[in-house]
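In case you want the letters, here they are:
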Amino acid sequence: MIYYALELKSIPRVEFAFSTETDRYKNIISKRKNMIELSYLSGGEFVSEFDGIKYRIESNSLCLYMPDMEVVNHCEDSKPTRMLDVAFYVDRMEYERFECNSKDEWAEMSQRFGGKIILPFKLKFENMNENLVKSFYTIIQLHSIGTVSSELSKIGEWFKLLAMVNDETRKLLAMDNEYSNTLIYLRKIERYIQSNYNKKIKLDDVAKELKVSQSYLCRIFKENLNETFVSYLNKTRVNKAREMLSLNPNESAVEIAENVGFCDLRYMNKMFRRYYGINVRECRRLDRELTLFHKKPWDAENLDKDIYKTEEH
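Starting afresh in each chain, residues are numbered from 1 along the sequence in its written order. Predicted model: local features are reported for residues with pLDDT of at least 70 only, side-chain atom pairs are reported and counted for 80 or more only, and whole-chain, interface and lining totals are derived from all residues. Only hydrogens and water are removed before side-chain values are computed, so all heavy atoms of the structure are retained for them.

Some thoughts on helix 3 (residues 148–173)
Thought 1: Numbered from the N terminus, helices here are DSSP runs of H or I no shorter than four residues, and strands are runs of E no shorter than two. A helix is expected to span 1.5 Å multiplied by its residue count minus one. The end-to-end C-alpha distance of helix 3 is 38 Å, a good match for the 38 Å that 26 residues give at a rise of 1.5 Å each.
Thought 2: Within helix 3 the residues assigned to the buried category are S150, K154, I155, E157, W158, L161, L162, V165, N166, E168, T169 and L173. Exposure categories follow from relative accessible area, calculated using a 1.4 Å probe and restricted to protein chains: below 20% of the type maximum is buried, above 50% is exposed, and the middle band is partly exposed.

In structure tokens:
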């Protein structure tokens, strides 16, 4: 896997921040000088071609784009892709690309990169990472305000975002990357909840489906996801609700709450504030706005170049 060791030597400034959804995603990123872009895919998936290798970017994945990158992203079908995206311009920074595929390799490198920020090209989470999502939405919300105070707050939130990604990356690098029985069960849990999130399901239902004890499932959630079954289920419902809010603009929030399995709109609003940091109405507003391009790059016909680089710089 590809990683970057980063050292910032000047105060960054925001270049763009947006939340969007599209059913024909394609984007070309071509050596954007002094720009660091982080993108969180909250729904759907796409293929990223980088250094001659195709990577599948799945839902609940973080992607990094650095100044030396030539990347082509595209969907292979017409299913909706939902993402949160922020990019900052840094006048002076130093970075080094490296590959690491095991905790033994990292043990040899960790001291060398001890004082630097470690960021991955891609990072997959088992479910929505609410802290990252909150940070993205905070930056996007502040970017829509456009005041001096909001600009300063954006910079602070961006450093917080980098710190979270650095901590998560270092934790993963220190672990074995091989699949275990636990990870197999996590995949089965995910599939079951994705198919039944809109029903009144309990931990006991999942345990019976997987033919394991409830205590074993509780241990899987605690030790591997650091959360409870209820939290995992609510995050799934919140993600589905956000998708429906964007895809069905004429459907009321009350109807959407019922369709994803929440007892009422009040409780769904509470979960939105917990996992996104904003309420349902604000989430719907931010997802409808675009604060980057005059037109979405993925809506341009026959896209063959980096629209941001050529039009904005």
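Structural notes on the sheet that holds strand 3 (residues 26–30)
Thought 1: A pair of strands counts as paired when DSSP detects no fewer than two bridges linking them. Strand order in this open sheet of four strands is 3-8-5-6, and the pairing throughout is antiparallel. This sheet does not close on itself; its edge strands, each paired only once, are strand 3 and strand 6 (53–57). Going across the sheet, the axis of each strand differs from the next one's by a mean of 15°, ignoring polarity.
Thought 2: Two strands pair when backbone bridges link them, and strand 5 (residues 46–50) and strand 8 (residues 70–74) are joined in this way by four bridges, in the antiparallel orientation. Residue pairing for strand 8: E49 is matched across the bridge by V72. Inter-axis angles, ranging from 0 to 180 degrees, are taken between N-to-C directions of lines fitted to C-alpha atoms, where helices are fitted over the stretch in contact.

Notes on the packing of helix 5 (residues 203–210) against helix 6 (residues 214–225)
Thought 1: One can describe the packing of helix 5 onto helix 6 by two numbers: an axis separation of 9 Å at closest approach and a directional angle of 105°. The orientation of helix 5 relative to helix 6 falls into the category roughly perpendicular. Contact residues: L203, D204, V206, A207 and L210 in helix 5; Q214, L217, C218 and F221 in helix 6.
Thought 2: When the residues that make up the contact of helix 5 with helix 6 are grouped by side-chain class, the tally is seven nonpolar, one polar and one charged. Working definition: roughly parallel below 35 degrees, roughly antiparallel above 145 degrees, roughly perpendicular at 65 to 115 degrees, and oblique for all remaining angles. Should any heavy atoms of two residues lie within 4.5 Å, those residues are counted as being in contact. Gly is put with the polar residues, along with every residue not named as nonpolar or charged; the nonpolar set is Ala, Val, Leu, Ile, Met, Phe, Trp, Tyr, Cys and Pro, and the charged set is Asp, Glu, Lys and Arg.

Examining the packing of helix 2 (residues 130–143) against helix 10 (residues 280–288)
Thought 1: Interaxial distance between helix 2 and helix 10 falls to 11 Å at its minimum, and their mutual angle equals 70°. On the basis of the axis angle, helix 2 is roughly perpendicular to helix 10. The way helix 2 lies across helix 10 gives a crossing that is left-handed. Residue-level contacts link Y137, I140 and Q141 of helix 2 to E282, C283, L286 and D287 of helix 10.
Thought 2: Here the residues of the contact of helix 2 with helix 10 are counted per class, giving four nonpolar, one polar and two charged. If you view the pair so one helix is near and one far, a crossing is left-handed when the near helix is turned anticlockwise from the far one by less than a right angle, and right-handed when it is turned clockwise.

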